[in-house]
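Each chain is listed here by its residues.
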Amino acid sequence: MKKVAVTGNTGPRIRSDCELKLEIKSSGGIKINLESRVKAMYGNSITRLMKDGLGFFDIKHAFLDVNDSGALPFVHMARLEAAVKTLVKTNKELLPAMSDSNTYPSERERFRFSRLYLPGNTPSMMLNAGLHSPDGIILDLEDSVAPAKKHEARFLVRNALRQVNFYGAERMVRINQGERGFEDLKCVLPHNVHLILVPKCESSEYLKELAKSADSILADNNIKQDIFFMPIIESALGVEKAYEIASAVNNVVAIAIGLEDYTADLGVQRTNEGNESLYARLRLVNAAKAARVQPIDSVFSDVSDTDALKATAKLSKSFGFEGMGCIHPRQIQVIKSSFAPEPEEIKKASEIVQAFREAEEKGLGVVSLGSKMIDLPVVARARRTIDLAEKLNLIPDEPDNQENE
Amino acid sequence: MANKMVRNAAGREVVTEINGQPAVPFKGVGKYKPEGRKYAPRISSCAYYPDDGDKRVKTIKEALVKAGIKNGMTISTHHHFRNGDLLANMLFDAVNELGIKDIRWFPSASFPCHEHLMQYLDNGTIHHIEGSMNGPLGKYVSEGKMKGMAVLRSHGGRYQAVQDGEVEIDIAVIGAPMADPFGNANGLEGDSACGLLGFALADSQYADKVMVVTDNMVPFPCIPWQIQGNYVDFTVEVDKLGIPERIVSGTTKITKSPDRLMLAELTAKFCDAAGIIRDGFSFQSGAGGTSLAVGEFFKAIMKEKGIRARFARGGSNKYLVSMLEEGLVDYILDGQTFDLDGVRSMRENPRHVWTSPFTSYNYHGKGNFAPLVDVAILGATEVDVNFNANVVTHSDGYLLHGIGGWQNCLFSKTVILPLPLVRDRVPVIIDEVTTLCGPGELIDVIVTERGIAVNPLRKDLLEKVRDSGLPLKSVYELKEEAERICGIPEKVQLDDKVIAAIKWVDGTVIDIVRKVKIEK
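The structure displayed is predicted, hence computed values, not measured ones.

Caption draft 1: The overall build of chain A, seen in detail. A tally of helices and strands in chain A yields 13 helices and 14 strands. At 24 Å, chain A has a C-alpha radius of gyration in line with the 22 Å of a compact globule built from 405 residues. The dimensions of chain A, computed from C-alpha atoms along their principal axes, are 90 × 50 × 45 Å. Going through the 405 residues of chain A one by one, you find that 53% of them count as buried. Considering only contacts within chain A whose residues lie at least 6 apart along the sequence, 73% involve residues at least 24 apart. For chain A, the exposed surface amounts to about 18500 Å²; the carbon and sulfur share of it is 50%. Charged side chains of chain A number 53 positive and 56 negative; the gap between the two group centres comes to 5 Å.

Caption draft 2: Layout of a nonpolar patch on the surface. A contiguous nonpolar patch, built from Phe220(B), Ile223(B) and Trp225(B) and spanning about 330 Å² of accessible area, is present on the exposed surface. Relative to the assigned elements, Ile223(B) resides in the loop between β15 (209-214) and β16 (234-237).

Caption draft 3: Representation of the pairing of strand β10 (residues 254-257) of chain A within the structure. All names here are of chain A. A two-sided burial pattern is seen for β10, the buried positions comprising Ala-254 and Ala-256 on one face and Ile-255 and Ile-257 on the other. Note that strand β9 (residues 228-233) and β10 share 2 bridges and pair parallel. Within β10, the residue paired with Ile-233 across the bridge is Ile-257. Pairing geometry for β10 and strand β11 (residues 294-299), over 3 bridges, is parallel.

Caption draft 4: Geometry of the sheet that holds strand β11 (residues 150-152) of chain B. All names here are of chain B. The strand order β11-β30-β31 describes an open sheet built from 3 strands, whose pairing is mixed. Every other strand in the sheet has two partners, leaving β11 and β31 (509-516) as the edge strands with one partner each. Strand-to-strand twist in this sheet, taken as the mean axis angle between neighbours without regard to direction, amounts to 40°. Here β11 runs beside strand β30 (residues 494-503); their pairing, made up of 3 bridges, is parallel. Opposite Ala-150, over in β30, you have Ala-500 as the bridge partner.

Caption draft 5: Geometry of the environment of Asp396(B). Along the chain, Asp396(B) falls in the loop between β23 (389-390) and α13 (406-409). Remark: the alpha-carbon pair of Asp396(B) and Val516(B), spanning 120 residues in sequence, is separated by 8.0 Å. Beyond its immediate stretch of four places on either side in the chain, Asp396(B) contacts Arg37(A), Ala40(A), Val492(B), Leu494(B) and Val516(B). A polar side-chain atom of Asp396(B) sits 3.2 Å from the main-chain amide nitrogen of Tyr398(B).

Caption draft 6: Molecular detail of the packing of aromatic side chains. All names here are of chain B. Following the criterion strictly, the structure yields 14 aromatic pairs over all chains and no others. Each ring, one from Phe-26 and one from Trp-504, has its centre 5.9 Å from the other, and the planes form 80°; the classification is edge-to-face. With Phe-26 in the loop between β4 (21-22) and β5 (56-57) and Trp-504 in the loop between β30 and β31, the pair connects residues that are 478 residues apart, well separated along the chain. By relative accessible area, Phe-26 is classed as buried at 4%. Taking 6.1 Å as the distance between ring centres and 50° as the angle between the ring planes, the aromatic pair formed by Phe-281 and Phe-298 counts as tilted. Residue Phe-281 is found in the loop between α8 (258-273) and β17 (282-285), and its partner Phe-298 is found in helix α9 (residues 289-305); the two are separated by 17 residues along the sequence. Each member of the aromatic cluster is reached from another via a ring pair, and the members are Phe-26, Tyr-363, Phe-411 and Trp-504. A cation sits over an aromatic face here: Arg-158 above Phe-106, 4.2 Å from the ring centre.

Caption draft 7: Focus on helix α1 (residues 39-56) of chain A. For α1(A), the set of buried residues is Met41(A), Tyr42(A), Gly43(A), Ile46(A), Leu49(A), Met50(A), Gly53(A) and Leu54(A). Residues of α1(A) that are buried make contact with β2 (18-24), β3 (30-36), β4 (62-68) and α2 (73-87) of chain A together with β26 (426-427) and α15 (475-486) of chain B. Directly after α1(A), the chain includes Asp58(A), whose backbone phi takes a positive value near 60°.

Caption draft 8: Highlighting the sheet that holds strand β5 (residues 114-119) of chain A. Residues and elements named next belong to chain A. Read around the closed barrel, the 8 strands follow the order β5-β6-β7-β8-β9-β10-β11-β12; overall the barrel is parallel. Within the sheet, the average angular offset between the axes of one strand and its neighbour, ignoring direction, is 30°. Relative to strand β7 (residues 170-174), strand β6 (residues 136-140) runs parallel, the two being bridged by 5 bridges. Paired with Leu-139 across the strands is Val-173, a residue of β7. Its contacts with the sheet place helix α11 (residues 330-339) against β5 and β12 (324-326), and it is angled at close to 165° to β12.

Caption draft 9: Quick look at the packing of α2(A) against helix α3 (residues 150-163) of chain A. Residue and element names in this part refer to chain A. Between α2 and α3, the least distance of the axes is 8 Å, while the angle of their chain directions is 145°. For the crossing formed where α2 meets α3, the hand is right-handed. Contacts between α2 and α3 involve Phe-74, Val-75, Met-77, Ala-78, Arg-79, Glu-81, Ala-82, Lys-85 and Thr-86 on the former and, on the latter, His-151, Glu-152, Phe-155, Leu-156, Arg-158, Asn-159, Ala-160 and Gln-163. Partitioning the contact of α2 with α3 into residue classes produces 8 nonpolar, 4 polar and 5 charged.

Caption draft 10: Expanded view of the state of the cysteines. Taken as a whole, this structure holds 0 disulfides over all chains when the rule is applied. No disulfide involves Cys46(B); its sulfur sits 19 Å from that of Cys222(B), the nearest cysteine.

Caption draft 11: Here's a closer look at the interface of chain B and chain A. Taken together, the 28 residues of chain B in the interface contact 27 residues of chain A. Where chain B abuts chain A, roughly 2300 Å² becomes buried across the two surfaces, and 51% of that area is made up of carbon and sulfur atoms. On the chain B side of the interface with chain A, the three residues burying the most area are Asp424(B), Arg425(B) and Glu490(B), jointly 34% of the side's total. Linking chain B to chain A there are 3 salt bridges. Put simply, Asp424(B) and Arg15(A) hold a salt bridge, and the shortest N to O gap is 3.2 Å. Between the two partners, chain B and chain A, sit 12 residue pairs in polar contact (both at pLDDT 80 or more). Elements supplying a minimum of two residues to the side of chain B that touches chain A: α8, β26 and α15 of chain B. No other element matches the 5 residues that α8(B) contributes to the side of chain B that touches chain A. In terms of residue class, the side of chain B that touches chain A is made up of 13 nonpolar, 3 polar and 12 charged.

Caption draft 12: Structural context of the environment of Phe26(B). Put simply, Phe26(B) and Val509(B) are 483 residues apart on the chain and 5.0 Å apart in space, counted from C-alpha to C-alpha. Sequence-distant contacts of Phe26(B), defined by excluding residues within four places in its chain, comprise Asn8(B), Ala9(B), Ala10(B), Pro439(B), Trp504(B), Thr508(B), Val509(B) and Ile510(B).

Caption draft 13: Quick look at the packing of α8(B) against α9(B). Residues and elements named next belong to chain B. The interhelical angle for the contact between α8 and α9, taken along N-to-C directions, is 45°, at an axis separation of 8 Å. Taken together, the axis directions place α8 and α9 in an arrangement best described as oblique. With respect to the hand of their crossing, α8 and α9 are arranged in right-handed fashion. Residue-level contacts link Arg-260, Leu-261, Leu-263, Ala-264, Glu-265, Thr-267, Ala-268, Cys-271 and Asp-272 of α8 to Gly-289, Thr-290, Ala-293, Val-294, Phe-297, Phe-298, Ile-301 and Lys-305 of α9. Here the residues of the contact of α8 with α9 sort into 10 nonpolar, 3 polar and 4 charged.

Caption draft 14: Broad picture of the side chain of Thr435(B). Residues and elements named next belong to chain B. The residue Thr-435 is located in the loop between β27 (429-430) and β28 (445-448) in this model. The class for Thr-435 is buried, based on a relative accessible area of 1%. A polar atom in the side chain of Thr-435 sits 2.6 Å from the side chain of Thr-393. Aside from chain neighbours lying at most four places away, what touches Thr-435 is Arg-12, Glu-382, Ala-389, Asn-390, Val-392, Thr-393, Ile-502, Asp-511, Ile-512 and Val-513.

Caption draft 15: Fine view of the pattern of salt bridges. Residues and elements named next belong to chain B. Taken as a whole, this structure holds 63 salt bridges over all chains when the rule is applied. Asp-54 serves as the salt-bridge partner of Arg-56, at 2.9 Å between the closest nitrogen and oxygen. Since its relative accessible area comes to 43%, Arg-56 is described here as partly exposed. Residue Arg-104 pairs with Glu-130 through a salt bridge whose shortest N-O separation is 2.9 Å.

Cut-offs used in this document
- Residues numbered from 1 in each chain as written.
- Chains lettered and ligands numbered in written order.
- Predicted model: local features only at pLDDT ≥ 70, side-chain atom pairs only at ≥ 80, totals over all residues.
- Heavy atoms only, no water.
- Helix = DSSP H or I, 4+ residues; strand = E, 2+ residues; numbered from the N terminus.
- Rg over C-alpha atoms; globule rule 2.2 N^0.38 Å.
- Buried < 20%, exposed > 50% of the residue type's maximum accessible area, 1.4 Å probe, protein only.
- Contact = heavy atoms within 4.5 Å.
- Areas by Shrake-Rupley, 256 points an atom, 1.4 Å probe, with all protein chains shown as cover.
- Lys, Arg positive; Asp, Glu negative; His and termini not counted.
- Charge placed at Lys NZ, Arg CZ, Asp CG, Glu CD.
- Patch = residues over 30% accessible without salt bridge, like charges linked within 9 Å, V, L, I, M, F, W, Y side chains within 5 Å.
- Salt bridge = Lys/Arg side-chain N within 4 Å of Asp/Glu carboxyl O.
- Pairing = 2+ DSSP bridges.
- Axes fitted to C-alpha atoms, helices over the stretch in contact; angles between N-to-C directions.
- Polar contact = N/O pair within 3.5 Å; in protein donor to acceptor, adjacent residues only side chain to side chain.
- Phe/Tyr/Trp six-rings, centres within 6.5 Å; stacked < 30°, edge-to-face > 60°.
- Lys NZ or Arg CZ within 6 Å of the ring centre and 35° of its normal.
- Left-handed = near helix turned anticlockwise from the far one by under 90°.
- Nonpolar A, V, L, I, M, F, W, Y, C, P; charged D, E, K, R; others polar.
- Disulfide = S-S within 2.5 Å.
- Buried area = accessible area lost by both parts, 1.4 Å probe.
- Parallel < 35°, antiparallel > 145°, perpendicular 65-115°, else oblique.

Dropping the structure here:
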């Protein structure tokens, strides 16, 4: 059994985080040593929170060293819980309150143009992420978290889901692969997660198991809400099985491609032009469309090159993708505007919808625009374009003020 | 000795005496009427100066002796070399070697590179500092270790204090990237090039003795003479005045922080919506990452709409220079240059003009440039619900920043503070500022990532942006939002001892800073 647990982060470049060193003793009561940048303003409340937290876990004797760089209370709580659980076996959870702003639902058909990755163990990036208006926020427990930090990241992500306002973004978590992924699910699912990203997905069986596990977690917690899945295809085998994966369970709403790992699997260099992944991307789009889910493209890793990002996103849209990952908030608007319908598209779509309405009113079975017959799927797509344009504030007469909330 | 405290017009309790001199409490913006005549230095005569114009002395120490250095004198320096300055450290090494004590050091600002001088505060060489402090010296002073009381002034306030005789400088030491033996000097050429020497203007005009120290002595004439040798007593050559990369950066870079970019973008959008960005307008934006980015967003809007600004106030940098060179701005009126492009442009482009605190900021003059600026974009450490702002102390009471030109810029037609609402759990909008540096009546807009608050006094601005779709909120809403995120801060406990006085632009005392409490 370990004697001392160290959790969190400290150092000259670390902000909004804290490092805890917890040593459980057999006598002497609770001793807390606090170093904090905000000690003058929050010293007492941090000490109180730590004391109450230790009390919650029935720890009566301990030495706790807190090195704080302006962490918010939900971070302190996560770090403390991780430290305690490194030393003591307990099923208790030290949960911060679920903020009212965090209870909104998602829906299957919502747009997923831009989804912003947030490293799951880096609290400084979480607070303002939603202000940049991504369609989705991904709290990442997988690749962006160092192996030694996986345990503590889980509590931080869970607490962020309860306390951080993501301003309407779809609330996503990328879990780890394999067994650890199931543990992740158990920890985060009860806290209004909308969508789970499943990394390096290569089989429909695994996804089915995850979905089953998710169902039972939701049932145990009396949660009625659906949980969506976005498997990420990151290998040659995954690409071959894309359709099977996309249609494995009903709650898959999108499949994404992860090109860093995919190109590594192929043994080729990833380029900005992306010719090496052309087959995989097109195959993935086809599989997704066949399974009636959204195909989502990989992230673009050169954060400073906005023009290349724009070009990539436009190409991606032309392939049929319906979104991309973002690794920096400044990519969000570029991606959103690249996937947004062009003025010409909007104009045509409204003509189609208008024609359909008129045909309906006249009781006509066949819709036509000019001399062209219009099929129902075309109408559906046109409606989707209008819907999208409205949501993106691209139709001037019907402004949507929600953007500024 | 107890210092009598009075409540000034801003409701702050302030001292009536600073280091033995009487001090006038702040009376309100524009309410204090100065009387009498300006200070005048002694009359000199050419008869006592070398006929060949060669005023060179071998060392700083020798010049100090020739200047008649004595205990208790006031010695001034300037922050043209910013955090790359070597001169102030060399100077006080010499003062220390001479065994002189109780100097009032009167820098235009001090930086972390001056940490070296702490030993001279400890050993009594320096009695106290009157000038902006950035970093370690501020911490030293905050902890109550300095003998005398610090006095912080704006750039304009410093000029005013010298001009009015509030501070009589015995010896001014002016570091010059280029100078001639007569004492003509400028900041444009040489290894220590910093652009201009505007902060030293008052000192050259009013100090009893003036010493120009250079690492780039050229034969007479040094052109242009930003500092006129006719004011100068001695010139000294040294190997090196500063560390170039810390004087000006090779390349200034716009922030990559998405949050700061967002603030900058919102600020520019606000200015656009308020009709501030229009043909012939003028602006001033600081050197911080956010401010630089504001300039870039301004540029994009101006380009798109074909707008040309009449002038921009510097600190200049390559971004502002590019606006000048692309014809988006007619003139840069520069107070200091922050990068090599700024220095180059000032050297080569007659439309890139060097200014001084006298022209830009001096409140006791027949007008100054600051109120002619349409919009100034500034920083702050805190703002309160009455729009009062603090730039010198952190919320924990530590005095860590100088005022710079900040107070002076508050007289611009519109003053905008883009600030993150939350800085690592420190809420930026609070009930009452720790230290008052600028009265709320002069601060018009606070732009945060969670909303924009317009000062209710600016009904005209509110009217203009009402339907802009910008996220307008009241300052109270923003404060509550910050507290919801951070928690309500505990009241910071400070000691009774006053460690610094904050002067307003007219020389009155707007606030004081108390010693922080240090845990045993």
